[in-house]
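A structural walkthrough
So you can see what is in the structure, the chains are spelled out below.
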Amino acid sequence: MVARKTVLFEKEYNTSISDFSTTEEIDSFIEKKLGRKLEIKQIESSVVTNRGSIFPSKEYDIDKMLDSSLGR
Amino acid sequence: MSDVDDLFELYREECVPAYADLVGYIGDKPRQFLTEFENAFAHVAQCFNPDLDPEHKRANIAKAKDHLQRITLDSYKLIWYQINQDIETFYRNPDKRLFCVNMSQNDLSAEYQRFKKAAQDARVLEVKNIGVDPLHACEGYKEAIKIGKGIQEKMDYDKADSLKLVYGNYSIKRSAVVEVGISFIGGVLATLFVITLL
């Protein structure tokens, strides 16, 4: 395993990832820093799907988005 | 170490830091990840189902691991994607590129190409390692993110906002001048027409 380290989080929030063990702790910490609740966000994409829901919702395909950004 | 211990080590050591990077960067939670966590939990629950034999329990742990690996890798890919979107708003706009980035245009181009190349290399590595070691590409994506972050640190967002205001006013004034010009020419033509009729 690679040493436990973040690329942006620790520097951005001046903290250590070793103080966190769960995603819930991460959420609470960031909410406290931002002063608001985290929202469930749809990552932007042009793909619109129904997937059994009566409300069409946007869904992302990260590989498609990434490949398109990389010009592949 | 048991399969379950191994799974939760992956969660703590790889998944949580990657998730922290993403959520800390975008300041929100991507909807897709909720489904991935839910699916991972469902497979872990099956691991403790007394009706399942050890082989099926192991298979469920492997599936849970797949979900956590996907969250980890997708976190880095999403951060790269978001950073790229941000950089492109400057890079594709000649005025922002010239006036709102604190580095020469040549350096910016070189860094932006390095940023994309690092992600391309990571993507190639990822595709090569599908089904073998999906997390092998993580370091490549992390490297690409660091390069992108370096570019972002040179981007002057306040100046870009000022530029928007200045150009916004300039464009309003320009359209007003055009409208006055058209009205004037219309007036002259109408007058000429009336004179011709007389």
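Quick notes on the rules
- Residues numbered from 1 in each chain as written.
- Chains lettered and ligands numbered in written order.
- Predicted model: local features only at pLDDT ≥ 70, side-chain atom pairs only at ≥ 80, totals over all residues.
- Helix = DSSP H or I, 4+ residues; strand = E, 2+ residues; numbered from the N terminus.
- Rg over C-alpha atoms; globule rule 2.2 N^0.38 Å.
- Buried ≥ 20, exposed ≤ 12 C-beta atoms within 10 Å, placed from the backbone.
- Contact = placed C-beta atoms within 7 Å.
- pLDDT = per-residue confidence, 0-100.
- Core = buried A, V, L, I, M, F, W, Y, C linked by C-beta atoms within 7 Å.
- Nonpolar A, V, L, I, M, F, W, Y, C, P; charged D, E, K, R; others polar.
- Pairing = 2+ DSSP bridges.
- Domains from an automatic or database assignment.
- Expected span 1.5 Å × (residues − 1).

A separate point is the overall build of chain B. A count of helical and extended segments in chain B gives 7 helices and 1 strand. Taken from N to C terminus, the helices and strands of chain B fall in the order α-β-α-α-α-α-α-α. Computed over C-alpha atoms, the radius of gyration of chain B comes to 28 Å, more than 25% over the 16 Å expected from 2.2 N^0.38 for 198 residues, which places it beyond the range of a compact globule. The C-alpha extent of chain B, read off along each of the three principal axes, is 105 × 40 × 30 Å. Sorting the 198 residues of chain B into buried and exposed places 31% on the buried side. Taking the intrachain contacts of chain B between residues at least 6 apart in sequence as the baseline, contacts between residues at least 24 apart amount to 73%.

For the rest of this paragraph, the subject is the overall build of chain A. The helix and strand tally for chain A stands at 3 helices and 3 strands. Starting at the N terminus and walking to the C terminus, you meet the elements of chain A as α-α-β-β-β-α. By the burial criterion, 14% of the 72 residues in chain A qualify as buried. Taking the intrachain contacts of chain A between residues at least 6 apart in sequence as the baseline, contacts between residues at least 24 apart amount to 0%.

Before going further, it helps to examine the confidence of the model for chain A. Across chain A, the average pLDDT comes to 78, with 71% of residues at 70 or higher. Throughout residues 45-58 of chain A the model reports pLDDT below 50, and contacts reaching past four residues in sequence, or to other chains, amount to 16 contacts.

On to the nonpolar core. Residues and elements named next belong to chain B. Formed by 50 residues in total, the largest nonpolar core has its most connected members in Tyr 19, Tyr 76, Ile 79, Trp 80, Tyr 141, Ala 144 and Ile 145. Ranked by the residues each element gives to this core, the list is headed by helix α3 (residues 54-91), at 12 residues. Apart from residues lying up to four places away in sequence, Trp 80 is in contact with Ala 119, Tyr 141, Ala 144, Ile 145 and Gly 148.

It is worth spelling out the environment of Lys29(B) at this point. By secondary structure assignment, the location of Lys29(B) is in strand β1 (residues 29-30). Residue Lys29(B) is classed as buried on the basis of its 20 C-beta neighbours within 10 Å. Note: C-alpha distance between Lys29(B) and Asp95(B) (66 residues apart in sequence) is 33 Å. If we skip the residues at most four places from it in the chain, Lys29(B) touches Leu38(A), Ile40(A), Lys41(A) and Val23(B).

Turning our eyes to something else, we now look at the interface of chain A and chain B. With 30 residues of chain A at the contact, the number on the chain B side is 32 residues. Mapped by element, the contributors of at least two residues to the side of chain A that touches chain B are α1 (9-13), α2 (23-34), β1 (40-41) and α3 (62-69) of chain A. The element that contributes the greatest number of residues to the side of chain A that touches chain B is α2(A), accounting for 5 residues. Of the residues belonging to the side of chain A that touches chain B, the class tally is 18 nonpolar, 6 polar and 6 charged. As judged from the 2 bridges shared by β1(A) and β1(B), these two strands associate in the parallel manner. Bridging from a neighbouring strand, Ile40(A) pairs with Lys29(B) of β1(B).

The next thing to look at is the domain arrangement of chain B. How big an interface is tends to be stated in terms of accessible area lost as the parts join. Residue and element names in this part refer to chain B. According to the domain assignment, chain B consists of domain 1 (3-155) and domain 2 (157-198). Distance between the C-alpha centres of domain 1 and domain 2: 50 Å. Contacts between domain 1 and domain 2 engage 6 residues on the former and 4 residues on the latter. It is helix α4 (residues 94-99) that provides the largest number of residues to the side of domain 1 that touches domain 2, a total of 3 residues. Of the residues in the side of domain 1 that touches domain 2, the class split is 4 nonpolar, no polar and 2 charged.

Right, let's get into unusual backbone geometry. Residues and elements named next belong to chain A. A positive phi angle, close to 50 degrees, is found at Asn 14, a residue other than glycine. Here Asn 14 is to be found in the loop between α1 and α2. The exposure class of Asn 14 is exposed, given the 7 C-beta atoms found within 10 Å.

Further remarks concern α2(A). Here α2(A) spans 16 Å end to end across 12 residues, near enough to the 16 Å set by a 1.5 Å rise per residue. Gly35(A) lies just past α2(A) and shows a positive phi near 75 degrees.

Quick look at the environment of Gln82(B) now. Relative to the helices and strands, Gln82(B) resides in helix α3. Ignoring any residue separated from it by four or fewer positions in sequence, one finds Gln82(B) in contact with Tyr25(B) and Ile26(B).

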